[in-house]
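# Commentary on secondary and tertiary structure
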Amino acid sequence: VQLVESGGGLVQPGGSLRLSCAAFGFTFSIHVMGWYRQAPGKERELVGSITISSNTVYADSVKGRFTISRDNARNTVYLQMGSLKPEDTAVYYCNARRIGTGTKYWGQGTQVTVSS
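Here goes a summary of the coordinates provided. Every value quoted in this text rests on a predicted model; they were computed, and no experiment measured them.

### Regarding the sheet that holds strand β3 (residues 17-24)
On the basis of which strands lie adjacent, the open sheet formed by four strands has the order β1-β3-β8-β7 and antiparallel pairing. Two strands bound the open sheet, and with one partner strand each, they are β1 (2-6) and β7 (66-71). Strand-to-strand twist across the sheet, computed as the mean angle between neighbouring axes with direction ignored, equals 15°. Here β7 runs beside strand β8 (residues 76-81); their pairing, made up of six bridges, is antiparallel. Residue pairing across strands places Arg70 opposite Val77, the latter belonging to β8.

Quick look at the structure:
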């Protein structure tokens, strides 16, 4: 089982970035997928999640700026981030939670830095 994030990097305030998370080794379509982030000195927090029927929820801090989507054919979940702010700087983690059992998997994280 593996979740592999990609797409992180350095971006200027107001810019955009798209993160991807590719899933391997489990049935992607029966897992709720989530994005979390952890800034230095802070606890990991939920950014948003997408259900197996593609319903989404977002943290208030990113509503209207971030969009989560999933492609079950590619076993991939995306996080499109726009209007980025310095406070969005964090390591972003992909999470998968199996429907029914609640078993969770985590990716290794990808760094996003918003700075001029």
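Next, the rest of the story.
### Side note on the packing of aromatic side chains
Scanning all chains against the criterion turns up two aromatic pairs. Consider the rings of Tyr36 and Trp106, whose centres lie 4.9 Å apart with planes at 65°: the pair is edge-to-face. In this pair, Tyr36 sits in strand β4 (residues 31-38) while Trp106 sits in strand β10 (residues 104-106), placing the two residues 70 residues apart along the sequence. Judged by its relative accessible area of 21%, Tyr36 is partly exposed. Over the ring of Tyr93 we find Arg44; its NZ or CZ atom is 3.7 Å from the centre of that ring. A cation over an aromatic ring shows up here: Arg44 above the ring of Trp106, its NZ or CZ 4.6 Å from the ring centre.

### Considering the pattern of salt bridges
Counted according to the given criterion, the structure contains five salt bridges. For Glu45, the salt bridge identified is with Arg37, shortest N-O distance 2.7 Å. Looking at Glu45, the relative accessible area reads 35%, which means it is partly exposed. Residues Asp71 and Arg74 are paired through a salt bridge, measuring 3.3 Å at the closest nitrogen-oxygen approach. Through salt bridges with shared partners, a single ionic network connects Arg37, Glu45, Arg65 and Asp88.

### With respect to the environment of Gln38
Considering the arrangement of structural elements, one finds Gln38 in strand β4. Between the C-alpha atom of Gln38 and that of Thr89, which follows or precedes it by 51 residues, the distance is 8.5 Å. Sequence-distant contacts of Gln38, defined by excluding residues within four places in its chain, comprise Glu43, Arg44, Ala90, Val91 and Tyr93. At 3.1 Å, the side chain of Gln38 and the backbone oxygen of Lys42 are in polar contact.

What counts and what doesn't
Residues numbered from 1 in each chain as written. Predicted model: local features only at pLDDT ≥ 70, side-chain atom pairs only at ≥ 80, totals over all residues. Heavy atoms only, no water. Pairing = 2+ DSSP bridges. Helix = DSSP H or I, 4+ residues; strand = E, 2+ residues; numbered from the N terminus. Axes fitted to C-alpha atoms, helices over the stretch in contact; angles between N-to-C directions. Phe/Tyr/Trp six-rings, centres within 6.5 Å; stacked < 30°, edge-to-face > 60°. Buried < 20%, exposed > 50% of the residue type's maximum accessible area, 1.4 Å probe, protein only. Lys NZ or Arg CZ within 6 Å of the ring centre and 35° of its normal. Salt bridge = Lys/Arg side-chain N within 4 Å of Asp/Glu carboxyl O. Contact = heavy atoms within 4.5 Å. Polar contact = N/O pair within 3.5 Å; in protein donor to acceptor, adjacent residues only side chain to side chain.

In short, geometric facts, not functional conclusions.
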